[in-house]
Amino acid sequence: MKISFRASPKPGAQRALHELSTRYGQTPAAEADFIVTLGGDGTALEALHEALAMPAKPVFAMRTDGSVGSFCNSFRTHDLTDRLHAASRVQLPVLQAEIEQAGGRSRVLFAINEIVLERQVFQQAGLSVAVRGKGDPMNINGDGLVLTTPIGSTGYNRSRRGPLLPLGSSLLALTGVAIRPPSVWSPAALSDREILDVEVIEAVYRPVQIRTVFETIPNICRARLFRSRDRTVALLVDREAQSRLCTPFGRQC
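Trainee: Hey, could you run me through the packing of aromatic side chains in this one?
Mentor: What describes a pair of aromatic rings is the distance from one ring centre to the other and the angle between the planes of the rings. Counted by the stated rule, this structure contains zero aromatic pairs. A cation sits over an aromatic face here: Arg211 above Tyr156, 5.8 Å from the ring centre. The positively charged end of Arg231 is found above the aromatic ring belonging to Phe110, 4.1 Å away from the centroid.

Have a look at this one:
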């Protein structure tokens, strides 16, 4: 079995990296059977984003001391190969954003937990929001919008009072951030087959940026947001972590 280890820079994770790579070896991710992360959710998300280019490469995350790991397995140095073989595989959806910036430049972003459109300056953003094929666009003013997958719904989305999505469901959460009246707006759970079109109103005077965990692109004119149809990533969850992981999402595994 070939394993590629990834670790947080924290001392505890680095000690674990040394111990595990000495015991099991260290293989480049492209040649490995598994990617194992040591740290918390941030380290796991980095590995999952790396795995976007290697869709058959599952990620097994272990939380080390001092890290927050809401979707990580417990840390142990022994029986790792048995845990990897016995773990359940959870296919995670990937969000895709097709973006047009001021000046006409086009970009594409991918995210595993959330995509955020947010005001770039003091003035609130003006956004025209439409779900394709679902009627006329709605114009809103506020600090921004958050589109979230189930595994991301317990984070920033939840802090904005967005809906908690069952893990493994075919849903996305769309949540507004400080939407100003008189807009009639409430958070929504959408089918992950929906396509969201957003246009920035007065983009020159009220610029908007789009953000993922790893990248921020400024001066957006419009964006199309949806679940990618040809990209997923796999998270491995062992038996002892399944109940703990799924309970915050409103269901048991």
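Next comes the rest of the account.
Trainee: Mind showing me how you'd approach unusual backbone geometry here?
Mentor: For residues besides glycine, phi is generally negative; the peptide bonds are generally trans as well. The phi angle at Ala178 is positive, at roughly 50°, despite the residue not being glycine. Along the chain, the position of Ala178 falls in the loop between β10 (171-177) and β11 (188-191).

Trainee: Which parts of the structure should I look at to understand helix α2 (residues 41-50)?
Mentor: The α-helix advances 3.6 residues per turn, and as a result positions three or four apart in sequence lie on the same side. A large share of α2 lies buried, amounting to seven of its ten residues. Among the structural elements, β1 (3-7), β2 (34-39), β3 (59-63), β4 (88-101), β5 (106-111) and β15 (220-237) are those in contact with the buried residues of α2.

Trainee: Honestly, the nonpolar core in this entry has me stumped. Any pointers?
Mentor: Generally speaking, a soluble globular protein has its nonpolar side chains buried in company with each other. Formed by 26 residues in total, the largest nonpolar core has its most connected members in Ile99, Leu127, Ile210 and Leu225. For this core, the element with the most residues is strand β7 (residues 125-131), which contributes four residues. Setting aside chain neighbours within four positions, we find Leu225 in contact with Gln96, Ala97, Ile115, Leu117, Leu147, Glu194, Ile195, Leu196 and Ile210. Judged by nonpolar contacts, the second largest core, of 23 residues, contains Leu52, Met54, Phe110 and Val237.

Trainee: What am I meant to see in the pairing of β2 here?
Mentor: The two faces of a sheet get side chains in turn, since along a regular strand they alternate between them. In terms of residue burial, β2 counts as a mostly covered element, since six of its six residues are buried. What you see with β2 is no split at all: Phe34, Val36 and Leu38 on one side and Ile35, Thr37 and Gly39 on the other are buried throughout. Both β1 and β2 contribute to a ladder of five bridges, which runs parallel. Within β2, the position partnered with Ser4 by the bridge is Ile35. The parallel pair β1 and β2, bridged by helix α1 (residues 11-24), forms a crossover whose chirality is left-handed. For the crossover that starts at β2, traverses α2 and ends in the parallel β3, the hand is right-handed.

Parameters and conventions
Residues numbered from 1 in each chain as written. Predicted model: local features only at pLDDT ≥ 70, side-chain atom pairs only at ≥ 80, totals over all residues. Heavy atoms only, no water. Phe/Tyr/Trp six-rings, centres within 6.5 Å; stacked < 30°, edge-to-face > 60°. Lys NZ or Arg CZ within 6 Å of the ring centre and 35° of its normal. Helix = DSSP H or I, 4+ residues; strand = E, 2+ residues; numbered from the N terminus. Buried < 20%, exposed > 50% of the residue type's maximum accessible area, 1.4 Å probe, protein only. Contact = heavy atoms within 4.5 Å. Core = buried A, V, L, I, M, F, W, Y, C linked by side-chain atoms within 4.5 Å. Pairing = 2+ DSSP bridges. Right-handed = clockwise from strand over helix to strand, strands pointing away.

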